[in-house]
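Results of the structural survey
Below are the chains, spelled out letter by letter.
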Amino acid sequence: MTAVLAAIAAVALATAQWFIWVYAPVEETMGVVQKIFYVHLPMSIWAMASFLVVFVCSVMVLVKKDDKWDRLAGAACELGVLFAGLALVTGSIWGKPIWNVWWTWDPRLTTTLIMWFVYAAYLILRQSGVGGERGPVVRAALGVVAFLDVPLVFFSARKWRSIHPTVFGAQGGGLEPEMLTAILVSLAAMGIFWAALLSLRSRQLGQASAIRNVFLHQVR
Amino acid sequence: MLGPALRIAAKDLRLCLRGAQGLAQTALLGLLIIFVFSLSRKPGEEVPALAAAAIFWLSTLFAQVLVYSGLYTLEEGNGSRLGLAMSPIAPQSVWLGKALAGLTLVLCCQVVFAVAVAAFLGQGVAGSPALGLACVLIVDVGLSSLGSLMGALASGKTSRESLLTVIFFPLIIPVLLSGIRVLEGVVTGGDAGLDWLGIAAAFAAVFSAAALILFPFIYTGEE
């Protein structure tokens, strides 16, 4: 399953590169730097999808009490933090030549940054072994609480900085058809890549857990 | 649920205020933060109301971490947590009792912080004091509901203070922004923005509801 997904992801990502560099036209005002948009947007969308998966898996841990959901939540969170971090970095690289700043307190950027902090803390919590025997349940509680915070963070960030660039709002509606096709292909390719990574990482965590259980069994 | 919660809160307050060492330490930490931030300005230079409000809430947050860490440490020895978890009361009573005790302790500290902000940072109250009090109370309720849940989450760890700080701080950003904005309005006498209070109240409601559902999963007799 993981190998098949990885192979499809490799082909899809290569195809997406063709759409980005050959099929989609160069944007008139921003120039070639706008191409980063085709990587930036899919990463931020799949980061948010990862956080949604963390929430759903956390609820499943509380309901089903099955460790496989905990491992899936952990794998999704790792991917979410990675993708959100890369989305922030690519956004900064894109923003510098366009707005002449590395960072602007736009609600979406602020929300992504705060969510990055929250889920990075979730990962630290996982590594710290907090909760002992009740670890999966404790982590699930944080997974639920973190996701509940998302809309509140977004609303407060939007109110805090009422003046923000409208470039974001105009982006979706103002795309050329070729650009729209390229971003959709890129989004799908990144999604397959994300699914392959999620499958691989949750399997690794499952294997690590199985090995740990074997050792614990021998010690006892 | 309310009766046992009040008894737990009373018990915790008696233990925390015995000798008042914990409360004094918490208040001292907050005072130090306010003093250190006052050094960022040249003598005689005015501190903006927004910055002063942010410093007040920052002191409160650090105090909050110490308070809830301390409250959940009370049951760490002699298997007391197991006793409390097994007692014939709703588990949520423990969350509510700790939240009420923590709220009381943090409010005590905030009285000291308010005086310190006025003295060290040269701030006054040009707006409505009632609105200021309402803001502090609503934001504190939100902070306490989440603080009590997070305190239980980090209990049993030796590094619980640092762990609590890392988890707690990013989560409370919405209510923190509300508190800063409303207090700025109270200090300057400008528009405090009642809609900010709405966000703080929404935060308190969401996390109180979440805590009522999640706390029984977290606070168990398991080590």
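Residues numbered from 1 in each chain as written. Chains lettered and ligands numbered in written order. Predicted model: local features only at pLDDT ≥ 70, side-chain atom pairs only at ≥ 80, totals over all residues.

So, the overall build of chain A
Of the regular secondary structure elements, chain A holds seven helices and zero strands. Counted from the first residue to the last, chain A has its helices and strands arranged as α-α-α-α-α-α-α. Summarising its shape, the C-alpha atoms of chain A cover approximately 70 × 45 × 25 Å along the three principal directions. (Helix = DSSP H or I, 4+ residues; strand = E, 2+ residues; numbered from the N terminus.)

Some remarks on the overall build of chain B
Tallying secondary structure elements over chain B gives nine helices and zero strands in all. Going from N to C terminus, chain B has its helices and strands arranged as α-α-α-α-α-α-α-α-α. Over its C-alpha atoms, taken along the principal directions, chain B stretches across nearly 55 × 35 × 30 Å. Expressed as a percentage of the 223 residues in chain B, the buried residues total 49%. A fraction of 86% describes how many contacts in chain B between residues 6 or more apart in sequence connect residues 24 or more apart. (Buried ≥ 20, exposed ≤ 12 C-beta atoms within 10 Å, placed from the backbone. Contact = placed C-beta atoms within 7 Å.)

Brief notes about unusual backbone geometry
All names here are of chain A. Not every positive phi belongs to a glycine, and K65 is a case in point at roughly 55°. Relative to the helices and strands, K65 resides in the loop between α2 (37-64) and α3 (67-99). Positive phi, normally seen in glycine, also occurs at N100, with a value near 65°. Residue placement: N100 occurs in the loop between α3 and α4 (107-128). Judged by C-beta crowding, with 7 C-beta atoms within 10 Å, N100 ranks as exposed.

Some details on α3 of chain A
Side chains that are three or four residues apart share a direction in an α-helix, a result of its 3.6 residues per turn. The end-to-end C-alpha separation of α3 of chain A is 46 Å, in line with the 48 Å expected for 33 residues at 1.5 Å each. Looking at the residues trailing α3 of chain A, positive phi occurs at N100 of chain A, about 65°. (Expected span 1.5 Å × (residues − 1).)

Focus on the nonpolar core
Counting 133 residues, the largest nonpolar core has A76 and A141 of chain A as the members making the most contacts within it. Here this core gets 14 residues from one element, more than from any other, and that element is helix α3 (residues 49-73) of chain B. The residues touching A76 of chain A, leaving out its near neighbours within four places in the chain, are S50, V53, V54, C57 and L198 of chain A. (Core = buried A, V, L, I, M, F, W, Y, C linked by C-beta atoms within 7 Å.)

Section: the packing of α3 of chain A against α4 of chain A
The geometry of a pair of packed helices is captured by two quantities: the angle between their axes and the separation between those axes. All names here are of chain A. Look at α3 against α4: their axes get within 9 Å of each other, and the N-to-C directions meet at 145°. Here α3 runs over α4; the crossing is left-handed. Taking contact as the criterion, the partners of G74, C77, E78, G80, V81, A84, G85, A87, L88 and G91 in α3 are, on α4, L109, T112, L113, M115, W116, Y119, A120, Y122, L123 and R126. In terms of residue class, the contact of α3 with α4 is made up of 13 nonpolar, five polar and two charged. (Axes fitted to C-alpha atoms, helices over the stretch in contact; angles between N-to-C directions. Left-handed = near helix turned anticlockwise from the far one by under 90°. Nonpolar A, V, L, I, M, F, W, Y, C, P; charged D, E, K, R; others polar.)

Quick word on the environment of A5 of chain B
Residues and elements named next belong to chain B. In this fold, A5 is placed in helix α1 (residues 2-17). As for A5 and Q92, which are separated by 87 residues in sequence, their C-alpha atoms are 8.2 Å apart. Sequence-distant contacts of A5, that is, excluding residues within four places in its chain, are made with S93, L96, G97 and L100.

So, the confidence of the model for chain A
With 91% of its residues at a pLDDT of 70 or more, chain A shows a mean pLDDT of 85. Here helix α6 (residues 167-173) of chain A is the element of chain A with the lowest mean pLDDT, 46, and α2 of chain A is the one with the highest, 93. (pLDDT = per-residue confidence, 0-100.)

Thoughts on helix α8 (residues 173-188) of chain B
With 16 residues, α8 of chain B ought to run about 22 Å at 1.5 Å a step, and its terminal C-alpha atoms sit 22 Å apart, in line with that. Of the residues one or two after α8 of chain B, G189 of chain B is the one with positive phi, at around 85°.

Describing the interface of chain A and chain B
Facing 26 residues of chain A, the contacting portion of chain B comprises 24 residues. For the side of chain A that touches chain B, the leading source of residues is helix α5 (residues 135-160) of chain A, giving 14 residues. Classifying every residue of the side of chain A that touches chain B by side-chain character gives 20 nonpolar, three polar and three charged.

Points about the environment of V214 of chain A
All names here are of chain A. Along the chain, V214 turns up in helix α7 (residues 177-219). Judged by the 10 C-beta atoms lying within 10 Å of it, V214 falls in the exposed class. Each C-alpha atom, one on V214 and one on F55, is 30 Å from the other, the two residues being 159 residues apart in sequence.

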